[in-house]
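The residues making up each chain are set out below.
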Amino acid sequence: MGLMMKRLSLALFVALALLPWAPPANAASRVKDVAAFEGVRDNQLVGYGLVVGLNGTGDRSQTFFSTQTLANILERSGITISPDRVRVKNIAAVMVTANLPPFVRQGSRIDVTVSSIGDAQSLQGGVLIMTPLKAANGETYATAQGNVALGGFSAGGRANSVQVNHPTAGRITNGGLVEREVHVELTGKARLNLVLHSNDFTTASRAVQAINQAAGTGVASALDGRTIAVNIPPAYNERVVEFMALVENATMEVDSRAKVVLNEKTGTVVFGKEVKISQVSVVHGSLSLQVGTIYSVSQPEPFSAGRTTVVPERTVNAQEEKAKAVTLKEGATVEDIVRALNSIGATPRDVIAILQAIKAEGALQADIEVI
């Protein structure tokens, strides 16, 4: 017996009567948590290298650039060989990436990440040979070399194999050696720029007040919603680092725009406590319609000339749930909204549809971001 189902969903009736509510005060944050000094940042490095010593899990013959790289390395060592004659499976071409922190000096060590760019099965047990790491300006700032540590492994053959996590990307702790410094000069500066991580005029104004309260009146001023100019007082001319620490540890209340983040793929809804919904009524009805076909067998009388036949019987079943309503009292919070929707059986996807409709109506005083 076969059954074909069609479902038509419209979902529930929800009545929301929400009045504006006063959010609690924001927790105090440090300036260093929401801003950073201009020029004091990481620099990204990248390089092309070769991992050797693999147990037959390296690049195959169709990845010709790994054998070409091996031939070039051997040629620099005084051994000349054609790449076409190289037949090895214990090497893998990789891209090596790293972040160069500020104020590092020559000889400092940094962590590097190694990722296969060919068709290697695993980098387990491999050793990265010396690889130059370059910045966006094309200059070499570090070299990388060492044993590759993986967070997973793979074993078996083509017919039967086992894999745990990702065996074609690994990490070399302290595998990068800094060869060139990125100079950040602080001595002799009369002014520093502080850049907020997010553009917000209210947060910038509060940061200025917090810095002036900690370091002295007139020290900081906002240039725009993201940049704050900080003048170094004469008393700190020879103690710039101490002054920067004083500015970073000034406390303030961080403000942000009200936002609702929706993930339609997973049905996830994330609210901020600043989200407010005005008085609104939403109709989100639910109708379930099932259409199917049941096959019955028609059996003839014994010793008759009739034939056994299959007779389809079509059935239609329509069911509509009763409307469900919920009313929220004055001063309702976002938690109350979610609890109320859950109490009437609304799924996360129902909540997403309801919030999008409320936003379109203009009753949701928040930005909606769909990821």
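Residues numbered from 1 in each chain as written. Predicted model: local features only at pLDDT ≥ 70, side-chain atom pairs only at ≥ 80, totals over all residues. Heavy atoms only, no water.

A.B. asks: Go over the pattern of salt bridges, please, and point to the residues and values.
C.D. replies: In the structure shown here, the tally under the stated rule is 7 salt bridges. A salt bridge links glutamate 242 to arginine 239, with the shortest nitrogen-to-oxygen separation between them at 3.2 Å. When its relative accessible area of 42% is taken as the criterion, glutamate 242 is described as partly exposed. The exposure class of arginine 239 is partly exposed, given its relative accessible area of 36%. (Salt bridge = Lys/Arg side-chain N within 4 Å of Asp/Glu carboxyl O. Buried < 20%, exposed > 50% of the residue type's maximum accessible area, 1.4 Å probe, protein only.)

A.B. asks: Can you tell me about unusual backbone geometry, naming the residues and giving the values?
C.D. replies: With a phi close to 70°, phenylalanine 103 is a non-glycine residue in the positive phi region. As for its position among the elements, phenylalanine 103 is in the loop between strand E5 (91–100) and strand E6 (109–116). Accessibility expressed as a relative area gives 34% for phenylalanine 103, which makes it partly exposed. In this model, asparagine 174 sits at a positive phi of 55°, which is unusual for a non-glycine residue. Position of asparagine 174 relative to the elements: it lies in strand E12 (residues 169–178). (Helix = DSSP H or I, 4+ residues; strand = E, 2+ residues; numbered from the N terminus.)

A.B. asks: Before we move on, could you go through the sheet that holds strand E17 (residues 259–263) and cite the residues and values that matter?
C.D. replies: Within a sheet, neighbouring strands are paired by backbone hydrogen bonds and run either parallel or antiparallel to one another. One open sheet holds the 3 strands; their spatial order is E18-E17-E22, and the pairing between them is mixed. Edge positions in the open sheet fall to strand E18 (268–271) and strand E22 (367–370), since each of these has one partner strand only. Across the sheet, the mean angle from the axis of one strand to that of its neighbour is 15°, orientation sign disregarded. Alignment of E17 against E18, held across 4 bridges, turns out to be antiparallel. (Pairing = 2+ DSSP bridges. Axes fitted to C-alpha atoms, helices over the stretch in contact; angles between N-to-C directions.)

A.B. asks: Any details on the environment of valine 230? Residues and values, ideally.
C.D. replies: Within the secondary structure, valine 230 is located in strand E15 (residues 227–231). A relative accessible area of 0% means that valine 230 is categorised as buried.

A.B. asks: Give a description of the layout of surface pockets that names residues and reports values.
C.D. replies: What the largest pocket holds in volume is close to 280 Å³. Lining the largest pocket are 17 residues, and of these Asp59, Arg60, Ser61, Val88 and Lys89 lie nearest its centre. Of the residues assigned to the lining of the largest pocket, the class counts are 4 nonpolar, 7 polar and 6 charged. (1 Å grid on protein atoms, 1.4 Å probe; cavity = no way out; pocket = protein on both sides within 12 Å on 5 of 7 lines; lining within 4 Å. Points joined across faces, edges and corners; volume = space filled by probe spheres on them. Nonpolar A, V, L, I, M, F, W, Y, C, P; charged D, E, K, R; others polar.)

A.B. asks: Describe the sheet that holds strand E14 (residues 220–222), naming the residues involved and giving the relevant values.
C.D. replies: Spatial strand order, E3-E13-E15-E14: 4 strands in an open sheet with antiparallel pairing. Sheet topology places strand E3 (35–37) and E14 at the edges, where each strand pairs with a single neighbour. Here the average twist between neighbouring strands, direction ignored, is 25°. As paired strands, strand E13 (residues 191–196) and E15 are joined by 5 bridges and run antiparallel to one another. Bridging from a neighbouring strand, valine 195 pairs with threonine 227 of E15. Together, E13, E14 and E15 form the strand contacts of helix H3 (residues 201–215), whose direction differs from that of E14 by roughly 170°. (Contact = heavy atoms within 4.5 Å.)

A.B. asks: Could you give me a rundown of the nonpolar core, with the residues and numbers involved?
C.D. replies: Membership of the largest hydrophobic core comes to 26 residues, with the highest contact counts inside it found for Val31, Leu194, Ile211, Ile228, Val230, Phe243 and Val247. When residues of this core are traced back to their parent elements, those giving at least two are helix H1 (31–34), E3, E13, H3, E15 and helix H4 (240–248). Among the elements that make up this core, the one with the highest residue count is H3 (6 residues). Filtering out sequence-adjacent residues up to four positions away, phenylalanine 243 remains in contact with Ala215, Val219, Val230, Asn231, Ile232, Pro233 and Tyr236. Leu45, Leu54, Ala92 and Val178 belong to the second largest nonpolar core, which has 23 residues in total. (Core = buried A, V, L, I, M, F, W, Y, C linked by side-chain atoms within 4.5 Å.)

A.B. asks: Describe in detail the pairing of E12, supporting the description with residues and values.
C.D. replies: By the bridge criterion, 6 bridges tie E6 to E12 in an arrangement that is antiparallel. Bridged to valine 114 within E12 is glycine 170. The pairing of strand E8 (residues 140–147) with E12 spans 3 bridges and is antiparallel. In the strand pairing of E12, threonine 143 is matched with leucine 177.

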